[in-house]
Amino acid sequence: MPLSPTITSTETRDLEGADVLVLYGITGDLAKKMLLPALYKLAERDLLKVPVVGVAASDWDDDSLREHARQWIIDAGHDLDQKVFKRLAESLSLINGDFTKEQVYGDIAKAIEGKGFAAHYLAIPPSLFATVAASLAKAGLNKNARLVVEKPFGDDLASARKLEVELERYFDRDHLLRVDHFLGDESVEGLGTFRFANTLFAPVWNRSYIDNVQITLAEDFDISDRGSFYDAVGALRDVVQNHLFQVMTLLAMDPPNVSDPQAQALEKWRLLHAVRTIEPEDTVRGQYDGYLDVPGVKPGSTTETYIALRLFIDNWRWAGVPFYIRSGKALAVTATEVCVQLRRPPAELFRGLANEIPPNLIRIRLEPGAGVGLELMARKSDPGELPAPFPMGIDFERVLGGQAKPYENILHAAIVGDSSGFAFFPAIEESWRIISKILKPQTPPIRYPVGSWGPAEAAGMAGEDGWHAPAKHLFADEAIRSGAPTHPAR
């Protein structure tokens, strides 16, 4: 690996704007649940300015696609505006064909002829990425075009590098975008604003004041009918190597010197390059009771449905500060939250009981609902009582209104040419390197009960104060309305 990755000279949104979006896999599950509803919302906001050419192996025609799109949008919970849907429907068309056959690419060429720059979006299995890229090039469709590929990008460092080499044979790095939908999440993107637009936090955002950082992505539901998919992936590959490392990077990176996607990408790479490769002893893996009974899961599967990690960043800002990351299925709650624990005051001013006083916490809630909360110590009115934590903060959705869904931002960025919404390949390499020693564990996962916080063995890994559970009530007024104590449960 070179000392620093090659950075091209692109500037914010100076990638070519697309004149047509070609959506491969338009009849698939991702398109049904995410992409078509997102396109509808873009049309509603008058941001969908290009035709959408769908490609799939099906027996549908244009009208069938439009009727299915209507139902998918309703199923996604949107109140259908007929005028908006009419605009979206008029932009949709369908090409039927097998992605492995040459004929379909001739049909695509005819459909987009004269339409200008094309964005080819692959919402298809990763095993087909290289096949489609090669076929596009053979048909001359890689010229005046870019390729957008969904995750996962490889399943380890070697496979990610192999895929990148294959794709770059047909699309150079300025015309190749890699989706991580967390980068389209406005609450995740807002971490940069929180960090770099508020000088209040800058002086304490380092090893001198921060004791540890915890990132939790908990889901109270199981894998449902996704046994075959999930069993081949597991929690580490599904959400940690990509989504949660993106969150960690935004939390820990140094500010870029200029407001530019490539400058930000370089700072992300620098941060990840400083992360120590995780050792197996800094990992706890779990599997919820009943997982092996799910259709599609292999008998005796050792795939983890829960993982907790301890990692360290060897740079001046973070040396010695542990970062704890955990994620799992069938846990106690569904929530994604960052908890930054500050160091305790150096002097014991409360009758020698300072260690019994909870530390200050900075909570950044990503979902459900986005917001920032602080837990500060306040004196209670009862004589002899120790100071107690009281929450204060901002509910972004209440203050700023609803946020766009991640795929609305991803699709819009793919069309207009905003590379900041996509993963940077040298950072992907570092992410795979960081987990390289724990991809093939030597011991089976530990069983844990459905509705718990995972294996008991993980409880003690997060330092003296343990894990901070996502706050039940991030803001004081939430607690007051509910009649609950004003400090969050741990």
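Keep in mind that what you see is a predicted model, and the values were worked out from it rather than measured. (Residues numbered from 1 in each chain as written. Predicted model: local features only at pLDDT ≥ 70, side-chain atom pairs only at ≥ 80, totals over all residues. Heavy atoms only, no water.)

**Thoughts on the pattern of salt bridges**
Overall, the coordinates contain 27 salt bridges when judged by the stated rule. We note a salt bridge from Arg270 to Glu267, for which the minimum N-O separation is 2.9 Å. Taken together, the residues Arg270 and Glu267, both in helix α10 (residues 261–273) and 3 residues apart, mark about one turn of the helix. When its relative accessible area of 44% is taken as the criterion, Arg270 is described as partly exposed. (Salt bridge = Lys/Arg side-chain N within 4 Å of Asp/Glu carboxyl O. Helix = DSSP H or I, 4+ residues; strand = E, 2+ residues; numbered from the N terminus. Buried < 20%, exposed > 50% of the residue type's maximum accessible area, 1.4 Å probe, protein only.)

**A few points about the packing of aromatic side chains**
By the definition in use, this model includes 12 aromatic pairs. Ring geometry for Tyr288 and Tyr291: centres 5.7 Å apart, planes at 85 degrees, overall edge-to-face. For Tyr288, a relative accessible area of 2% gives the class buried. Residue classification places Tyr291 among the buried positions, given a relative accessible area of 0%. Here the aromatic residues Tyr230, Tyr288, Tyr291, Tyr306 and Tyr448 are joined through ring pairs into a cluster of three or more. Its end group placed over the ring of Phe153, Arg178 keeps NZ or CZ at 5.8 Å from the ring centre. (Phe/Tyr/Trp six-rings, centres within 6.5 Å; stacked < 30°, edge-to-face > 60°. Lys NZ or Arg CZ within 6 Å of the ring centre and 35° of its normal.)

**What about unusual backbone geometry?**
Omega for the bond connecting Lys151 with Pro152 falls within 30 degrees of zero, at 5 degrees, which places this linkage in the cis form. By secondary structure assignment, the location of Pro152 is in the loop between β5 (145–149) and α6 (157–168). Of the consecutive residues Glu367 and Pro368, the connecting peptide bond is found in the cis state with omega at -5 degrees. Tracing the backbone through its elements, the reader meets Pro368 in the loop between β12 (361–367) and β13 (371–378). Even without being a glycine, Asp46 presents a positive backbone phi close to 60 degrees. Relative accessible area serves as the criterion here: at 45%, Asp46 is assigned to the partly exposed category. Although it is not a glycine, Ser224 sits at a positive phi angle of roughly 55 degrees. Of note, Ser224 is situated in the loop between β7 (210–218) and α8 (227–231).

**Description of helix α9 (residues 234–252)**
Here α9 is 19 residues long and its end C-alpha atoms lie 25 Å apart, about the 27 Å a rise of 1.5 Å per residue gives. At Val240, α9 shows its largest bend, some 45 degrees. With 18 of its 19 residues buried, α9 lies for the most part within the structure. (Expected span 1.5 Å × (residues − 1). Bend = angle between axes of the 7 residues up to and from the residue.)

**A word on the sheet that holds strand β4 (residues 118–122)**
Strand pairing in a sheet is mediated by backbone hydrogen bonds. Such pairs are either parallel or antiparallel. Read across the sheet, 6 strands follow the order β3-β2-β1-β4-β5-β6 without closing on themselves; strand pairing throughout is parallel. Both edges of this open sheet fall to β3 (92–96) and β6 (176–178), since each of them pairs with a single strand only. Direction aside, the axes of adjacent strands within the sheet are offset by 20 degrees on average. Sheet topology note: the strand β2 (residues 52–56)/β3 ladder contains 5 bridges and is parallel. When the sheet's bridge partners are listed, Val52 is paired in β3 with Leu92. (Pairing = 2+ DSSP bridges. Axes fitted to C-alpha atoms, helices over the stretch in contact; angles between N-to-C directions.)

**Looking at the side chain of Glu150**
Locating Glu150 in the fold gives a position in the loop between β5 and α6. It is Lys151 that comes nearest to the buried, bridge-free Glu150 among opposite-charge side chains, at 7.1 Å. Separated by 2.6 Å, the side chains of Glu150 and Tyr121 make a polar contact. A polar atom in the side chain of Glu150 sits 2.9 Å from the side chain of Tyr407. Non-local contacts of Glu150, meaning those with residues more than four positions away in its chain, are made with Leu30, Tyr121, Leu122, Ala123, Phe129, Val179 and Tyr407. (Lys, Arg positive; Asp, Glu negative; His and termini not counted. Polar contact = N/O pair within 3.5 Å; in protein donor to acceptor, adjacent residues only side chain to side chain. Contact = heavy atoms within 4.5 Å.)

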